[in-house]
Amino acid sequence: MVTLLGPSEIRSLAASLDVTPTKKLGQNFVVDANTVRKIVQAARVVPDDRVVEIGPGLGSLTLAILETGASVTAVEIDHRLAARLPETAAAHGVPDGALTVIDADALRVTELPGDPDVLVANLPYNVSVPVLLHFMETFPGLSRGVVMVQAEVGERLAAPPGSKVYGAPSAKAAWYGAWRLAGTVSRQVFWPVPNVDSVLVAFERDAEPRGTEAERALTFGIVDAAFQQRRKMLRQALAGVLGGSSAQASEVLERAGVAPTARGEELSIDDFARIARALA
Ligand code: SAM
């Protein structure tokens, strides 16, 4: 039977490794068993799932995932934490072979053993969006998941077009599938206590990819241009991408069925993708 880490064990583990949590690596460890179980339940992890976890840290969420009987591939950048995790898992009843630890920067990982299909993570807050988009792009086998992120980031990821917080991360995340807020998490469950609130965000990948890699890259370029110049009309932002005139940009938008006076914040990822196809 897999047992979870308690709050005092987490602190003594960190002390034995000489780890003082750093902001640079977004090291806020969850010290509450109910919270890690809540994340695993939100992700609906079942025994046959092959889960990838980004940033396992001392292992509190990792053990809660393993408790379900699922297998875990965990990617951790901090060598001391990555090196200790297998030992912690064995001491907590994790069977041999259920956990694979990769000592690496998640932003640079391009291959994962075991072909994971579910992502579960308490993401390092400073790189949460780039890491998430990198994983969605690099591992198309990831069909669903739940991540814990800073509240503002989670609201953005789940925001529909036209909402106040809709931005480039919202449109890019929507390229891959549907995102929704799946709960809030008190800052008191972390050690050290962060100065931001956290939320859970759940995603389901679309059954079919929205386009090719080239279409995605062009679409994301247009999304970036549209949101970098938020107050400008889309035809002006697009003229910049095209290196052409505002009249040429209007023509592309017309072909895509998008009003030249529209602003990026009103457009769905499908609108952006149509513009990219009209441009190509
Ligand atoms: N999962 C643990 C928990 O819930 O207690 C720790 C979560 S903590 C918010 C983020 C973890 O991500 C830390 O262990 C940190 O060392 C790790 N990390 C930070 N940047 C990373 C990166 N680029 N790639 C992989 N891991 C990273």
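Residues numbered from 1 in each chain as written. Predicted model: local features only at pLDDT ≥ 70, side-chain atom pairs only at ≥ 80, totals over all residues.

## Observations regarding the site of the ligand
Spelled out, the test is: Near, as applied to residues and a molecule or strand, means the residue's backbone-placed C-beta atom lies within 6 Å of it. Numbering goes from the N terminus for both helices and strands, where a helix is a DSSP run of H or I of at least four residues and a strand is a run of E of at least two.
Around the ligand sit 23 residues, and of these G55, G57, A106, N122 and P124 come closest. When contributions to the shell around the ligand are tallied by element, the ones reaching two or more residues are β1 (29-30), α3 (60-66) and β3 (71-76).

## So, helix α1 (residues 7-16)
This is how the line gets drawn: Neighbour counting defines burial: a residue surrounded by 20 or more other C-beta atoms within 10 Å of its own C-beta is buried, one with 12 or fewer is exposed, and intermediate counts give partly exposed, using backbone-placed C-beta atoms. Picture the helix axis, draw a direction to every C-beta atom, and the arc is the one those directions span. We call two residues in contact if the C-beta atoms placed from their backbones are at most 7 Å apart.
Taken together, the buried positions of α1 are I10, L13 and A14. The buried residues of α1 all sit within an arc of 95 degrees when viewed along its axis, so they share a single face. Facing away from the buried surface of α1 by more than 90 degrees, the exposed residues are S8, S12, A15 and S16. The elements touched by buried residues of α1 are β1, α3, α4 (79-91) and β8 (190-191). D18 lies just past α1 and shows a positive phi near 60 degrees.

## Quick notes on the UniProt feature "binding site: S-adenosyl-L-methionine" (unreviewed entry) in the protein
As a reminder of what qualifies: UniProt positions are given in the numbering used here, feature names are shortened, and annotations may be inferred rather than shown by experiment.
Taking the UniProt record as the reference, the feature "binding site: S-adenosyl-L-methionine" (unreviewed entry) is found at N28, V30, G55, E76, D105 and N122. Here E76 shows up in strand β3. In this structure E76 touches G55, P56, L81, A82, L85, V101 and D103, once residues within four positions along its chain are discounted. Looking at the secondary structure, you find D105 in the loop between β4 (99-103) and β5 (118-122). For D105, a count of 12 C-beta atoms within 10 Å puts it in the exposed group.

## Examining helix α8 (residues 213-228)
The condition is simple: Helices are assigned an expected span. That span is 1.5 Å times one less than the residue count.
When the terminal C-alpha atoms of α8 are compared, their 22 Å separation across 16 residues agrees well with the 22 Å that a helix rising 1.5 Å per residue should span. Within the span of α8, buried status applies to L218, T219, I222, V223, A225 and A226. In an axial view of α8, the angular spread of the buried residues amounts to 165 degrees, which keeps them on one side of the axis. In α8, the exposed positions that point more than 90 degrees away from the buried face belong to E213, A217 and Q228. Taken together, the buried residues of α8 touch α7 (168-176), α9 (234-242) and α11 (269-279).

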